Amino acid sequence: MQSISIRRPDDWHVHLRDGAMLDTVAPFTARQFARAIVMPNLSPPVTSVVAASAYRERIVAAAGGDFTPLMTCYLTDDASADELARGHAEGVWVAAKLYPANATTNSAHGVTDLRKLWPALERMQAIGMPLLVHGEVTDPEVDIFDREAVFIERVLGGLVRNFPALKIVLEHITTAEAAQFVADAPVTVAATITPQHLHLNRNALFAGGLRPHAYCLPVVKREKHRLAVRAAAVSGSAKFFLGTDSAPHSVEAKEASCGCAGIFNAPNALESYAMVFDEEGALDRLEGFASEHGPRFYGLPLNEGQVTLERAEVSVPERVAGLVPFHGGATIGWRLA
Ligand code: NCD
Ligand code: ZN
């Protein structure tokens, strides 16, 4: 097969930032995807309907053309059920994002105690507003490579039991435990999967030296986990769908004594997924993962139109728009036509 055409895909997890960085990165996402779930971890975070509407307008201006940003509310300890419901009813917020406080970039305002969120979660369950979860505990006693598995054990199981009708997306899964949990969970639970967690294991962080551009959160794990996440992605299960977690930071912020977490994969995200599905002999399942499972879970229409990926030897530049892209300096086997 020399090329593959699929229904226009969506990105169910992306960081588009703001200001000059937004102008730089938004066109890359808009070139590949019809819609994207936009993460609210700006500084300050997007917690109000008015801030989300204004941010949506800035994204539309930066992305241009035919791209629909789907906005999310950043949940804090004092998240208001009424504000959530209002933003959802007005069509501003598609979902809300739970960051455990200090789990990742710009999450200092995140949730310190899930019980404080109970009324908000009850309302979200009642109105059918999905909860998107950064699934890592922040307990410094827990090894960073175990934080996702421990979150599932300590937090997520209980959340699913207590809110049986709440739609929950476990974002950017990285472990065999997460893949198994989601596969076994009720149909209300789904997961997004990034390109980097399909391509990299933790050796990539230390290949010949410290590799800041392979550093993201949740951090890449052992090979057995990469294989389990790959198997989930290509399984055809409607619970697993595309979410790039493209998270650009300046080169200076990445290559520093305390470098930021995040991988900028927007320029070649679809190609990167296509490589994986190709290697797994599952190109026929790429369309479900990229274009169908996500909208069905969110209850949104499938996109019209198609995109075509062609087999080609493509050298990814070391820098794209002044940033270091995923696969930078390497050759990949696919190109978006
Ligand atoms: C994200 C960012 O930089 O905003 N970083 C990352 O490594 N994925 C935050 C996040 O999604 O955890
Ligand atoms: Zn993210």
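Structure: above.
Residues numbered from 1 in each chain as written. Chains lettered and ligands numbered in written order. Predicted model: local features only at pLDDT ≥ 70, side-chain atom pairs only at ≥ 80, totals over all residues. Heavy atoms only, no water.

### Digging into the packing of aromatic side chains
Per the counting criterion, the structure on display carries 10 aromatic pairs. Ring geometry for Tyr 74 and Tyr 99: centres 5.3 Å apart, planes at 35 degrees, overall tilted. Remark: Tyr 99 occurs in the loop between strand E5 (93-98) and helix H4 (118-127) and Tyr 74 occurs in strand E4 (residues 68-74); sequence separation between them is 25 residues. You can call Tyr 74 buried: its relative accessible area is 1%. Look at Phe 241 and Phe 297: their rings are 5.9 Å apart centre to centre, the planes differ by 40 degrees, and that puts the pair in the tilted class. (Phe/Tyr/Trp six-rings, centres within 6.5 Å; stacked < 30°, edge-to-face > 60°. Helix = DSSP H or I, 4+ residues; strand = E, 2+ residues; numbered from the N terminus. Buried < 20%, exposed > 50% of the residue type's maximum accessible area, 1.4 Å probe, protein only.)

### Let's talk about the coordination of the zinc ion (ligand 2)
The protein atoms donating to the zinc ion (ligand 2) are His 13 (NE2), His 15 (NE2) and Asp 245 (OD), with metal-donor distances spanning 2.0 Å. Given 4 donor atoms and angles of 91 to 145 degrees at the metal, the environment of the zinc ion (ligand 2) is assigned as irregular. Written as a sequence motif, the donor arrangement for the zinc ion (ligand 2) is H-x1-H-x229-D. Taken individually, His 13 and His 15 each receive the classification buried, so the pair is uniform in this respect. (Donors = N, O, S within 2.8 Å, 3.2 Å for Na, K, Ca; no water. Tetrahedral: all angles 85-135°; square planar, octahedral: opposite > 155°, others 65-115°.)

### Description of the site of ligand 1
Taken together, 15 residues surround ligand 1, and among them Arg 17, Asn 41, Thr 104, Leu 217 and Asp 245 come closest. In this structure, an oxygen atom belonging to ligand 1 sits 3.4 Å away from a side-chain N or O atom of His 134. Taking Asp 245, its side chain carries an N or O atom lying 2.7 Å from a nitrogen atom of ligand 1. Taken by itself ligand 1 offers 320 Å² of open surface, and the protein chains cover 100% of this. (Near = heavy atom within 4 Å. Polar contact = N/O pair within 3.5 Å; in protein donor to acceptor, adjacent residues only side chain to side chain. Areas by Shrake-Rupley, 256 points an atom, 1.4 Å probe, with all protein chains shown as cover.)

### As for the sheet that holds strand E7 (residues 168-170)
Across the sheet, 8 strands lie side by side as E2-E3-E4-E5-E6-E7-E8-E9; this open sheet has parallel pairing. With partners counted over all chains shown, the strands left at the sheet margins are strand E2 (11-14) and strand E9 (240-242), one partner each. Neighbour-to-neighbour, the strand axes of this sheet turn through a mean angle of 30 degrees, independent of strand direction. Relative to E4, strand E3 (residues 35-38) runs parallel, the two sharing 4 bridges. Paired with Ala 36 across the strands is Pro 69, a residue of E4. Sitting on the sheet, helix H5 (residues 147-162) touches strand E6 (131-133), E7 and strand E8 (189-193), and the angle it makes with E7 is about 165 degrees. (Pairing = 2+ DSSP bridges. Axes fitted to C-alpha atoms, helices over the stretch in contact; angles between N-to-C directions. Contact = heavy atoms within 4.5 Å.)

### Here's the deal with H4
Helical geometry note: an α-helix holds 3.6 residues per turn, so side chains three or four residues apart project in the same direction. All buried positions along H4 are accounted for by Ala 120, Leu 121 and Met 124. Seen along its axis, H4 keeps its buried residues to an arc of 95 degrees; they face one direction. For H4, the secondary structure elements touched by its buried residues are helix H3 (81-89), E5, E6 and H5. (Arc of directions from axis to C-beta.)

### Quick look at the sheet that holds strand E10 (residues 306-315)
With antiparallel pairing, the 3 strands of this open sheet are ordered in space as E1-E10-E11. Since the sheet does not close on itself, it has two edges, and those belong to strand E1 (3-7) and strand E11 (331-336), each with one partner. Within this sheet the neighbouring strands show an average axis-to-axis angle of 35 degrees, counted without direction. Alignment of E10 against E11, held across 5 bridges, turns out to be antiparallel. Its bridge partner being in E11, Leu 309 is matched across the sheet by Leu 336.

### Comments concerning the pattern of salt bridges
The final tally for this structure, using the stated rule, is 15 salt bridges. Glu 223 is the salt-bridge partner of Arg 226, the closest N and O atoms lying 2.8 Å from each other. Taken together, the residues Arg 226 and Glu 223, both in helix H8 (residues 223-234) and 3 residues apart, mark about one turn of the helix. Its relative accessible area of 31% is what places Glu 223 among the partly exposed residues. With its nearest N and O atoms 3.8 Å apart, the salt bridge here joins Glu 310 to Arg 335. One end of the pair, Glu 310, is in strand E10; the other, Arg 335, is in strand E11, with 25 residues separating them in the sequence. By relative accessible area, Arg 335 is classed as partly exposed at 41%. Through salt bridges that share partners, Glu 83, Arg 86 and Glu 90 make up one connected network. (Salt bridge = Lys/Arg side-chain N within 4 Å of Asp/Glu carboxyl O.)

### Details of the state of the cysteines
Any covalent bond linking the sulfur atoms of two cysteines counts as a disulfide. Across all of its chains, the model carries 0 disulfides by this definition. In this structure Cys 260 is not part of a disulfide, and its nearest cysteine sulfur, from Cys 258, lies 7.4 Å away. (Disulfide = S-S within 2.5 Å.)

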